[in-house]
Every structure is written in structure tokens, then in C-alpha cells.
Amino acid sequence: MHDFQFKNNRLYCENTDLERIADAVGTPVFVYSQKTLLDHFRNLKTAFREINPLICYSMKANSNLTICRLLLEAGAGLDIVSGGELFRAGKIKAKADKIVYASVGKTEQEIEAGIKAKILFFNAESIPELELINKIAGRLGRRQKVAVRVNPDVEARTHRYITTAKSENKFGIDIKTTRAIFLGLGRNLKNIELCGIHIHIGSQIIYAQPFVRALKKTVALIEDLNAHGAAIRYLNIGGGLGIIYHREKPQTAGQYAKAVIPLIRNKNLKLILEPGRFVAGNAGVLLTQVLYVKDTPAKRFVIVDAAMNDLIRPSFYEAYHEVVSVRREARVQVKKCDIVGPVCESGDFLAKDRRLPAGIRQKDILAVMSAGAYGFSMSSNYNSRPRAAEVLVCGNRFYLIRKRETYDDLIRNETLIKK
Ligand code: LLP
């Protein structure tokens, strides 16, 4: 599943002792395993090889340039959601015809940049957006491919913040309106070519059934539209595959492929997948150092130098991330504790009620597991905390792929006005 394993009671990433990285780079630091990243990507690719899909890695999960380039080299395209991500894609010379662009709120500048870059298509999420793409494409003398993101109104059975395909969610366009677009309105938008349907029903989905339900609805819609003269050639089924954080038993890539492929086989559709977490989630950990062990009448707090600004998932979604000491001692006593950061919020915790060795002390290094997706990419400077460093491990070597921010970085864009 991943390449973070204990060897001689020390936690390694591939063949690199994680404590060595903490010593060399300092903490907090995100550490990624190249092998895990590529293995996960290839697992998915292999599972779907029968239909040779375009796998567009969802950059928002982890947009570090080195990470994205590794995946491009392995054959991935990119799923982007902003002009900033398009800029990153340009920096690593991503092939534009393997880039798809979703977002409910693309600005004029972003649409123009996407068209000029010649991306494969936009996943459009509203009628006014379709009209704007049509207008800008016309101004640029271009005909732009567009897929409509459909909101199929299905329950993804995941956290409500990461459920995206219920009718009350802001994402996508309902089926009825999508029909009207393909069979009516869209035909008048001469500068866009309506070529695909996109769905993305949510994230951290561990069962195949919600995907299947959404897909059945979508394929039926496509067949109906094509029978009425539409020319839908692409089916983008988004991301959302769940991973193991704790005791989940998510479907494997193979099981997912087995559920999906029969529904689209022989339909003359190019399948696009947009995995983020599945590729990067278990490929990274966050290393943090213990600052203080504070015993109170209520409980023990292990105060560490990483906080909600580094990894917001526990605070934001009450997400579970395993926390382990990078040194394992045999038969030690354990004590329950909360692992918390220095930020001035009671919601600033990385883990609650966890059993850590009772002898844990200042300067010990802990690893917060499964932090490769939506870790650094959701981090912030709250409390004027410089953002963490990022390191990539390849076997017994490691590379700094993003240096730690400095205090000067914090104020770089600020202007002290003269009074
Ligand atoms: N495609 C679209 C259109 C998306 O909106 C997303 C994620 C993905 C693909 C990739 O989904 P994945 O395969 O990673 O599940 N911050 C949350 C997750 C939010 C996901 C947003 N969209 C978290 O930390 O759990």
C-alpha cells in the first residue's frame, strides 16, 4: 500500500530513515515517497488498461512541481481548477491536450489563458460560463472544446464537505438543464464544441456503488443525447477514490475498474479519470517534533511544531490521520493523548485520544501518516507561521523539493504605508 515501514524499529520512507530527514531539513516537513506515488498511479493505469483512459492527476491534491512532473513522466495528464494550476502546468511543460479544467468560478482571465494554452477542454459548470467561454473563444478566433459537468444528484456516502453531486451542491448542471444545453441552447454557441460529459461525485469514497449509480445515469444521458444529434466523445468520471487512513476498506483500483469498465465498454467514449488522493494520499507523511508534553487534570497534550495551518484536515473534517513515533520501542507503556499544534484555536489538533508511548518527550519526532494529499496544498500562514518544507525520497536519497518559508516570505507582498 505504501513505502513507509519500520525497519529495526525506525520508520523509513523507502530506504531512508525519516529521522535523518528531520535532522537535515528540520520540522515540520512533508516527506513523499516517489515509489508509492508512481505505484499508485500505475495501479490505476493497469486496472483500466483494457480501455486506455486518459488519467488526469488532480493537481489540487498535491501541486508540488516535482510531484506533478513525476506523474506526467509516467503518462498522466492534469486536472486543474485555476489559473494558478495552469501556470504550474506550464512550468513543467505539461502537454496541453492532456489538461482538463474544472471549477464553478472560472474568471475571464482564466478562461482566456486556458484557451490560449490549448487545453483539451473545460468542464463547464453553468450556462453563463458556457456563454462566456463562447464569447472569449470567438474573440480569440477559436473553437473551444467543452464538456458539461453534470450534477447527477447521487449520494456519495462520504463527509458532507466533500460530497459534490447532490442537487443542493454548487457543482455541475442538473440533467434536465444539460439536455437543454446539448439539444438547444448549446447549438447556438458557435465557438464551442460540446464534446463531453464530466461528473465528480465527491471525495474519499470507499464504495463502488455511488460511482456505479452516477455512471449509469450519466451513460444513459449520453446515449440519449447522442441519439438526438449530440456528439459526446469524452466521459470524464472525475476522482474520488477513497484510501485507507484508519480502518477503511476502500475498493481497490482493480475493483473500481471492474465496476466501471462494463458500463462504458463499446460505447465509443474516451474515458478520463481525475484521481488525486488515490495517487498522493498515502504517498506522504508530515514529520513534526514534540515541543512539550503537557499533563493536565483532564488529559495529556502532546504539543508539536506542526499545526492546523500545515495539515487542516483533522480540524476541518475531523479527519483521522494515524500518528506514530518514528522510533518504535518494544513493549512500551502507552498513554492516551491529544496531539495538538501551537495555533491559538481549540480546533487546532492533529489527532485526539491517541495512544502514544508514555515516555514520549521533547524533541521526539512523530509522523502524521497519509498526509500526501490535501496536506501542503491546503496549508496556510495562519498565525504567521511559515509553511513547511517538502522532501521527495527516492530509495536511499532524498531531495528538498520545496524549501521552508522564511519570515521574509510572510511579508513579501505587504506594503507599510507611509503616514
Ligand atoms: N476532480 C474534481 C473535479 C475535483 O473537484 C476533485 C477534488 C478531484 C477530481 C480529485 O478528487 P480525489 O480523487 O482527490 O478525491 N480537501 C478535501 C478533498 C476535496 C476534494 C476536492 N475535489 C480533503 O482533504 O479530503
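Up top is the structure.
Residues numbered from 1 in each chain as written. Predicted model: local features only at pLDDT ≥ 70, side-chain atom pairs only at ≥ 80, totals over all residues. Heavy atoms only, no water.

Draft legend 1. Here's a closer look at the site of the ligand. Around the ligand, a shell composed of 18 residues is seen, among which Ser 203, Glu 274, Arg 313, Tyr 317 and Tyr 374 lie nearest. At 3.3 Å, a side-chain N or O of Asp 79 approaches a nitrogen atom of the ligand. Between the ligand and Gly 276 there is a distance of 2.9 Å, counted from an oxygen atom to a backbone nitrogen or oxygen. Taken by itself the ligand offers 580 Å² of open surface, and the protein chains cover 91% of this. (Near = heavy atom within 4 Å. Polar contact = N/O pair within 3.5 Å; in protein donor to acceptor, adjacent residues only side chain to side chain. Areas by Shrake-Rupley, 256 points an atom, 1.4 Å probe, with all protein chains shown as cover.)

Draft legend 2. Molecular detail of the sheet that holds strand β1 (residues 4-7). Strand order across the open sheet formed by 3 strands is β1-β2-β3, with antiparallel pairing between neighbours. The sheet is open, and its two edges are formed by β1 and β3 (16-17), each paired on a single side. By the bridge criterion, 2 bridges tie strand β2 (residues 10-13) to β3 in an arrangement that is antiparallel. Looking across to β3, one finds that Cys 13 is bridged to Thr 16. (Pairing = 2+ DSSP bridges. Helix = DSSP H or I, 4+ residues; strand = E, 2+ residues; numbered from the N terminus.)

Draft legend 3. Seen up close, helix α3 (residues 65-73). Taken as a whole, α3 has its buried residues at Ile 67, Cys 68, Leu 70, Leu 71 and Leu 72. Of the residues that open α3, the one with a side-chain oxygen 2.9 Å from the backbone nitrogen of Thr 66 is Asn 64. Count one or two residues on from α3 and you reach Gly 75, which has phi positive near 110°. (Buried < 20%, exposed > 50% of the residue type's maximum accessible area, 1.4 Å probe, protein only.)

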